[in-house]
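Reading the structure
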Amino acid sequence: MKIGELAARTGVSVRSLRYYEQQGLLKPVRDESGYRDYSIFAEEQVRTIQLYLNLGLTTEQIAGFLHCVMKNKEAFCTEVFPIFRQKIAEIDAQINQLNHIKMNLEERMQSILDERQRDEMEEGK
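Throughout what follows, the structure given in this document is the object of discussion. Since we're looking at a predicted model, the values are computed, not measured. (Residues numbered from 1 in each chain as written. Predicted model: local features only at pLDDT ≥ 70, side-chain atom pairs only at ≥ 80, totals over all residues. Heavy atoms only, no water.)

**Details of the nonpolar core**
What counts is decided by this rule: We define a nonpolar core as any set of buried Ala, Val, Leu, Ile, Met, Phe, Trp, Tyr and Cys residues linked to one another through side-chain atoms lying within 4.5 Å. Using a 1.4 Å probe on the protein chains alone, a residue whose accessible area is under 20% of its type maximum counts as buried, one over 50% counts as exposed, and one in between counts as partly exposed. In this text, helices come from DSSP runs of H or I with a minimum length of four residues, and strands from runs of E with a minimum of two, each type numbered from the N-terminal end. Note on definitions: a residue-residue contact is assigned when non-hydrogen atoms from the two residues lie within 4.5 Å.
Membership of the largest hydrophobic core comes to 23 residues, with the highest contact counts inside it found for Leu-17 and Tyr-20. Listed by contribution, the elements that provide at least two residues to this core are helix H1 (3–10), helix H2 (14–22), helix H3 (42–54), helix H5 (66–71) and helix H6 (80–123). If one sorts the elements of this core by residue count, H3 sits on top with 4 residues. Apart from residues no more than four positions distant in its own chain, Leu-17 is found in contact with Ile-3, Leu-6, Ala-7, Val-12, Leu-26, Tyr-38 and Val-46.

Dropping the structure here:
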């Protein structure tokens, strides 16, 4: 299957497919004219790559276990759990940071409201 057909079947741009190839996630063979020729399994592989990208993983992280999950069930790939744990830790840190920012914004809003209220009370005197 040619790159355009794979792009059409998966909804992934040709540019992204070339990037996946550069990252070692896809390995098409080249025909005698030098065109990429993808196997029948490439469609499933691209969908799997997209699944993990949508989980927030990088192509580098995906490359660490993609071969295993394409051959076996995800549950049998020991490389997956440490990467998932790392990603969850990153998400938890981001949530904590966002909660801190939210708290600071709420405090600033309350400070502004308090100042307005004080000003209104002084004007009313």
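More follows now that the structure is in view.
**Some points on a negative patch on the surface**
For clarity, the threshold we go by: A patch consists of residues exposed above 30% relative accessible area that lack any salt bridge, with like charges linked at up to 9 Å and nonpolar side chains (Val, Leu, Ile, Met, Phe, Trp, Tyr) linked at up to 5 Å. What sets the accessible areas is the Shrake-Rupley method with a 1.4 Å probe; for residues, cover comes only from the shown protein chains. We define a salt bridge as a side-chain nitrogen of Lys or Arg found within 4 Å of a carboxyl oxygen belonging to Asp or Glu. The positive count covers Lys and Arg only, the negative count covers Asp and Glu only, and His and the chain ends enter neither. Just so you know, the charge point we use is NZ for Lys, CZ for Arg, CG for Asp and CD for Glu.
On the surface, Glu-115, Asp-119, Glu-120, Glu-122 and Glu-123 cluster together to form a negatively charged patch. Following the sequence through the fold, Glu-115 ends up in helix H6.

**What to know about the state of the cysteines**
As a reminder, the rule being used: For this text, the term disulfide refers to a pair of cysteine sulfurs within 2.5 Å.
A full pass over the atoms with the stated rule returns 1 disulfide. Disulfide partner of Cys-68: Cys-77, at an S-S distance of 2.1 Å. Judged by the sign of its S-S torsion, about -95 degrees, the cystine formed by Cys-68 and Cys-77 is left-handed. Judged by relative accessible area, which is 13%, Cys-68 ranks as buried.

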